[in-house]
Amino acid sequence: MRSRLLPACTLAAAVATALLAAGCGSGDDWSRPHAKPTAVGTPGPGFFPATSPAPEATITPGPGSWNGVRPPEGYRVVLLTAGEDRQTRTLVNAVTAWAEEARVSLRTVTATRPDQFVASISRAMEMKPDLIVSAGDDLVDPLALVTPNHLDRQFLVVGAELAEPTANVTAADWAGASFRGEGLGMSSTYDPASFTPERAGRAVRAGVAAVLTGMTGIVILLD
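Caption draft 1: Molecular detail of the packing of aromatic side chains. For the structure shown, the criterion picks out 3 aromatic pairs. Here Trp 174 and Phe 195 contribute two aromatic rings whose centre-to-centre distance is 5.1 Å and whose plane-to-plane angle is 65 degrees, an arrangement assigned as edge-to-face. One end of the pair, Trp 174, is in strand S7 (residues 169-174); the other, Phe 195, is in the loop between S7 and helix H5 (197-212), with 21 residues separating them in the sequence. On the basis of relative accessibility, which here comes to 1%, the residue Trp 174 falls in the buried class. For Phe 195, a relative accessible area of 2% corresponds to the buried category. Judged by centre distance (6.0 Å) and plane angle (55 degrees), the rings of Tyr 190 and Phe 195 are tilted. With a relative accessible area of 18%, Tyr 190 lands in the buried category.

If you want it as structure tokens, here you go:
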């Protein structure tokens, strides 16, 4: 799937944004409603825990057990991002690579200043995507503030997690990527070097599989 930028996709000047053509060039202008997305395929053994996870639970699915699940073509995703550090760039690249491979319709909202964080989340929700994927530790606290008031929108946080997620917020991370907000500080296991393209890609795919199969409001912990 090729990407290109179209002027019609430019966001409000208050939020610094980059729009990826998966949303603009695919013929899906997002102005029309579409059917509620359902998973294509089924997870492999070890993806679902033996008992249904409680809200805010942490699960560790079997390696690769999510690979049999993908979104339907045209699945609408907003990538919400903030930060220029290497870890955030790795996560952003993983999301965009997954979107191209899965042929989803992707748009990106990038906040460049702290005073844009909440506005950027609002802008992402206004697009009415099927899923908002967050990349960047700077967004964890603003998401914790906003998401409980918008339970009709699904969020996936990759490479971090919310301390007390509501049912609409799913996280996919690993021991070296366990930031949970400024009030808790960095975990002693936090390791910037653990943010590799391969690990970030697995987090995206596992997290999306969880959302598509209705296993939300939890933390998916990868190795």
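Caption draft 2: Up close: helix H2 (residues 86-102). Its 17 residues give H2 an end-to-end C-alpha distance of 24 Å, which sits within 8% of 24 Å, the value for a rise of 1.5 Å per residue. Gln 87, Thr 88, Thr 90, Leu 91, Val 92, Ala 94, Val 95, Trp 98, Ala 99 and Ala 102 are the residues of H2 that are buried. Of the surrounding elements, those touching the buried residues of H2 are strand S3 (76-82), strand S4 (105-111), strand S5 (131-135), strand S6 (155-158), S7 and H5. Phi turns positive, to about 60 degrees, at Arg 103, one or two residues after H2.

Caption draft 3: Spotlight on the pattern of salt bridges. Inspection of the entire model under this criterion finds 5 salt bridges. Arg 202 serves as the salt-bridge partner of Asp 223, at 2.8 Å between the closest nitrogen and oxygen. With a gap of 21 residues between them, Asp 223 in the segment after strand S8 (219-222) and Arg 202 in helix H5 connect regions that are remote in the sequence. Since its relative accessible area comes to 59%, Asp 223 is described here as exposed. Linked by salt bridges that have partners in common, Glu 198, Arg 202 and Asp 223 make up one network.

Caption draft 4: Here's a closer look at helix H3 (residues 117-126). Listed in full, the buried residues belonging to H3 are Phe 117, Ser 120, Ile 121, Ala 124 and Met 125. Around the axis of H3, the buried residues are gathered within 140 degrees of arc, so they sit on the same side. Buried positions along H3 lie against S3, S4, S5, helix H4 (140-146) and S6. The positive-phi residue at the C-terminal boundary of H3 is Lys 128, with phi of around 55 degrees.

Caption draft 5: Structural detail: the environment of Pro 55. Along the chain, the position of Pro 55 falls in the loop between helix H1 (21-24) and strand S2 (58-59). A relative accessible area of 71% places Pro 55 in the exposed class. Each C-alpha atom, one on Pro 55 and one on Thr 216, is 8.2 Å from the other, the two residues being 161 residues apart in sequence.

Caption draft 6: Region of the structure containing the pairing of S3. A large share of S3 lies buried, amounting to 7 of its 7 residues. Bridge count for S3 against S4 is 7 bridges, and the pairing is parallel. Within the sheet, the bridge partner assigned to Ala 82 lies in S4 and is Ala 111. Here S3 runs beside S5; their pairing, made up of 5 bridges, is parallel. From the neighbouring strand, Val 78 faces S5, where its bridge partner is Ile 132.

Caption draft 7: Structural context of the nonpolar core. With 39 residues, the main nonpolar core has Tyr 75, Val 77, Trp 98, Val 104, Leu 131, Val 208 and Ile 220 as its most contacted residues. Dropping the residues within four chain positions of it, Ile 220 is found in contact with Ile 59, Pro 61, Thr 170, Ala 171, Ala 172, Asp 173, Ala 206, Gly 207 and Ala 210.

Caption draft 8: Seen up close, a negative patch on the surface. Together, Glu 84, Asp 85, Asp 138, Asp 141 and Glu 182 give the surface a local cluster of negative charge. If you trace the backbone, Glu 84 turns up in the loop between S3 and H2. For Glu 84, a relative accessible area of 61% translates into the label exposed.

What counts and how
- Residues numbered from 1 in each chain as written.
- Predicted model: local features only at pLDDT ≥ 70, side-chain atom pairs only at ≥ 80, totals over all residues.
- Heavy atoms only, no water.
- Phe/Tyr/Trp six-rings, centres within 6.5 Å; stacked < 30°, edge-to-face > 60°.
- Helix = DSSP H or I, 4+ residues; strand = E, 2+ residues; numbered from the N terminus.
- Buried < 20%, exposed > 50% of the residue type's maximum accessible area, 1.4 Å probe, protein only.
- Expected span 1.5 Å × (residues − 1).
- Contact = heavy atoms within 4.5 Å.
- Salt bridge = Lys/Arg side-chain N within 4 Å of Asp/Glu carboxyl O.
- Arc of directions from axis to C-beta.
- Pairing = 2+ DSSP bridges.
- Core = buried A, V, L, I, M, F, W, Y, C linked by side-chain atoms within 4.5 Å.
- Patch = residues over 30% accessible without salt bridge, like charges linked within 9 Å, V, L, I, M, F, W, Y side chains within 5 Å.
- Areas by Shrake-Rupley, 256 points an atom, 1.4 Å probe, with all protein chains shown as cover.
- Lys, Arg positive; Asp, Glu negative; His and termini not counted.
- Charge placed at Lys NZ, Arg CZ, Asp CG, Glu CD.

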